[in-house]
Amino acid sequence: MNTLIYYSFNVFILSLIVLGVGMYKPKWILLWMDKPGRIPIAFIAAILFMIAAVMFGEGNKQLAQEKAQQTVQKPGSEVPDLH
């Protein structure tokens with residue numbers, strides 16, 4: 001498995017945790033604010049989710065490129081030169 005795909009799952013789980021905990025008690029996530037709201041938590045979770053989606057997409061693109069290179073460079077599949 002590609003490392004970007006692996007890390008994207010971790011960031012996605014982190015975004016779910018931030019969203020869940022932040023909606024329950026926003027003060028636990030936004031420690032530096034006096035009266036934190038739930039809207040900043042939703043923005044933070046959305047940004048983390050978008051980062052995870054981009055990482056997952058890039059990881060899949062890299063995985064497809066690696067598979068394409070492996071199929072092109074198979075040993076023994078060369079056509080002999082007849083000249």
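Our subject is the structure that appears above.
In this report, the structure presented in the accompanying data block is examined.

**Notes on the environment of Tyr24**
- Within the element layout of this structure, Tyr24 appears in helix H1 (residues 3–24).
- Among the residues examined, Tyr24 registers a relative accessible area of 58% and is labelled exposed.
- Through-space distance from the C-alpha of Tyr24 to that of Arg38 is 8.8 Å; in sequence the pair is 14 residues apart.

**A closer look at the nonpolar core**
- With 5 residues, the main nonpolar core is built from Val11, Val18, Leu48, Ala52 and Met55.
- When contributions to this core are tallied by element, the ones reaching two or more residues are H1 and helix H3 (38–72).
- Tallying contributions element by element places H3 first for this core, with 3 residues.
- Apart from the residues lying within four places of it in its own chain, the contact partners of Ala52 are Ser8, Val11 and Phe12.

Thresholds applied
- Residues numbered from 1 in each chain as written.
- Predicted model: local features only at pLDDT ≥ 70, side-chain atom pairs only at ≥ 80, totals over all residues.
- Heavy atoms only, no water.
- Helix = DSSP H or I, 4+ residues; strand = E, 2+ residues; numbered from the N terminus.
- Buried < 20%, exposed > 50% of the residue type's maximum accessible area, 1.4 Å probe, protein only.
- Core = buried A, V, L, I, M, F, W, Y, C linked by side-chain atoms within 4.5 Å.
- Contact = heavy atoms within 4.5 Å.

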